[in-house]
Amino acid sequence: MMQHLRNPKNVKLVSLFIAAIFVLGCFALSLTQSGFSKMASAAQSESAIGVVNYQMIVTQSPELANVRTAMQAEVESARKDFDEKSANMNDQEKQRYYQQLQERIANKEKELMDPLMKNIEAAIKKVADKKGLSVVVEKSGVIYGGVDITDEVAKSLQSAKK
């Protein structure tokens, strides 16, 4: 065994092996000291997932006031129609007519809210594209992580309205 260690060829190989381990160790130490691992872990945790508080954006939307006004007018119109036409109806007919009016109100709400929701979704997509996010989810369903873009989407909607 000692004969193998005295062989100059084996001594060179062992020396090169030890030197390589030393250099790799120094390189790894310099990376950890320079903050590379912090940057890598930050990049890893800074994912391409965005979160948005959808309810807050809807309530802050400038278009919501117009939708509310139109819905109040629709409800008043339905109430008037019901009062006028149900006076001569029996209970069963009143119930059916009431359900028809409820459907009419629901359809009107959908008709008014669809453009608002499309504008909000377009603003979310615009902000997500600008930030390089591949997925945006509702904030209430996220326990930890993600990039919150709620404020930027709200500002985008405000500036689009002006």
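Below you will find a few notes about this structure. All of these numbers come straight from a predicted model, not from anything done at the bench.

## A few points about the overall build of the chain
So, step 1. Of regular secondary structure, the chain possesses seven helices and three strands.
So, step 2. Starting at the N terminus and ending at the C terminus, the chain contains elements arranged as α-α-α-β-α-α-α-β-β-α.
So, step 3. Every one of the 162 residues in the chain was classed for burial, and the buried ones make up 20%.
So, step 4. Within the structure as shown, the chain displays about 12,300 Å² of accessible surface, and the carbon and sulfur contribution to it stands at 58%.

## Some remarks on the pattern of salt bridges
So, step 1. Counting across every chain of the model gives eight salt bridges.
So, step 2. Here K108 and E111 are joined by a salt bridge, their closest N and O atoms 3.7 Å apart. Here K108 pairs with E111, and both are found in helix 6 (residues 91–131), just three residues apart, close to one helical turn.
So, step 3. Judged by relative accessible area, which is 23%, K108 ranks as partly exposed.
So, step 4. Residue D114 pairs with K110 through a salt bridge whose shortest N-O separation is 2.9 Å. Residue D114 and its partner K110 are located together in helix 6, separated by four residues, close to a single helical turn.
So, step 5. Using a relative accessible area of 52% as the deciding quantity, one classes K110 as exposed.
So, step 6. Counted as one network, the salt bridges with shared partners bring together E74, D81 and R104.

What counts as what
- Residues numbered from 1 in each chain as written.
- Predicted model: local features only at pLDDT ≥ 70, side-chain atom pairs only at ≥ 80, totals over all residues.
- Heavy atoms only, no water.
- Helix = DSSP H or I, 4+ residues; strand = E, 2+ residues; numbered from the N terminus.
- Buried < 20%, exposed > 50% of the residue type's maximum accessible area, 1.4 Å probe, protein only.
- Areas by Shrake-Rupley, 256 points an atom, 1.4 Å probe, with all protein chains shown as cover.
- Salt bridge = Lys/Arg side-chain N within 4 Å of Asp/Glu carboxyl O.

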